[in-house]
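# Per-entry structural report
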Amino acid sequence: MSKTCIACDERIIGRSDKRFCSDYCRSAHYNKINSDANKFMRNTNNLLRKNRRILMQLLSKGFESIHKDQLILSGFRFDYMTHEYRIDNGKPYRFCYEYGYHEKEKSIFTIVKSEEVSL
């Protein structure tokens with residue numbers, strides 16, 4: 001009895017437990033199954049990377065404090081972060097990977113890199 005590939009219905013040659021005729025069909029099958037989750041994750045990671053890039057560029061240009069409006073104008077999205085860290089029950093440091101921010105005063109944010117904060 002010959003088996004057929006579950007991705008393209010071609011005849012499978014080889015081991016009796018093979019499910020795909022080629023690596024291409026195997027990858028295509030699993031990419032199709034995971035495509036919705038991958039799209040969501042890809043969009044979320046793109047936003048996180050953009051936030052990280054904005055914080056990194058501002059810090060490298062010497063900006064240690066910045067107004068909230070300037071962050072928003074640069075495309076920063078406050079609703080996307082990777083983690084949060086609190087020091088001495090104060091306001092949290094919110095991070096996009098290793099770059100983070102902390103609200104020092106109303107609408108004034110301090111930008112940090114994780115090794116600068118005792119995590």
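Preceding block: the structure.
Just so you know, these numbers come straight off a predicted model, no measurement behind them. (Residues numbered from 1 in each chain as written. Predicted model: local features only at pLDDT ≥ 70, side-chain atom pairs only at ≥ 80, totals over all residues. Heavy atoms only, no water.)

## Here's the deal with the overall build of the protein
- Helix and strand counts for the protein stand at two helices and five strands.
- Relative to the compact-globule value of 14 Å for 119 residues, the protein shows a C-alpha radius of gyration of 23 Å, a clear excess of over 25%.
- Taken along the three principal axes of its C-alpha coordinates, the protein extends 75 × 30 × 20 Å.
- The 119 residues of the protein split such that 26% are buried.
- For the protein, long-range pairs separated by at least 24 residues make up 38% of all intrachain contacts whose partners lie at least 6 apart in sequence. (Helix = DSSP H or I, 4+ residues; strand = E, 2+ residues; numbered from the N terminus. Rg over C-alpha atoms; globule rule 2.2 N^0.38 Å. Buried < 20%, exposed > 50% of the residue type's maximum accessible area, 1.4 Å probe, protein only. Contact = heavy atoms within 4.5 Å.)

## As for unusual backbone geometry
- Look at Asp9: it is not a glycine, yet its phi comes out positive at around 65 degrees.
- The topology assignment puts Asp9 in the segment before α1 (23–60).
- Exposure remark for Asp9: the relative accessible area of 59% places this residue in the exposed category.
- Phi is positive for Ser107, which is not a glycine, with a value near 65 degrees.
- Tracing the chain through its elements places Ser107 in the loop between β4 (99–105) and β5 (108–113).

## Brief notes about the pattern of salt bridges
- Scanning the model with the defined rule gives six salt bridges in all.
- Across the pair Arg26 and Asp23 runs a salt bridge, and its minimum N-O distance is 3.3 Å. Separated by three residues within a single helix, Arg26 and Asp23 lie in helix α1, roughly one turn from each other.
- On the basis of relative accessible area, Asp23 is assigned to the exposed category, the value being 56%.
- Among the salt bridges present, the one from Glu84 reaches Arg94, with a minimum N-O distance of 2.9 Å. Linking Glu84 in strand β2 (residues 83–85) with Arg94 in strand β3 (residues 93–96), this pair joins segments that are 10 residues apart in sequence.
- The partly exposed category is assigned to Glu84, whose relative accessible area is 37%.
- A cluster of three or more residues bridged by salt bridges with shared partners is formed by Glu84, Arg86 and Arg94. (Salt bridge = Lys/Arg side-chain N within 4 Å of Asp/Glu carboxyl O.)

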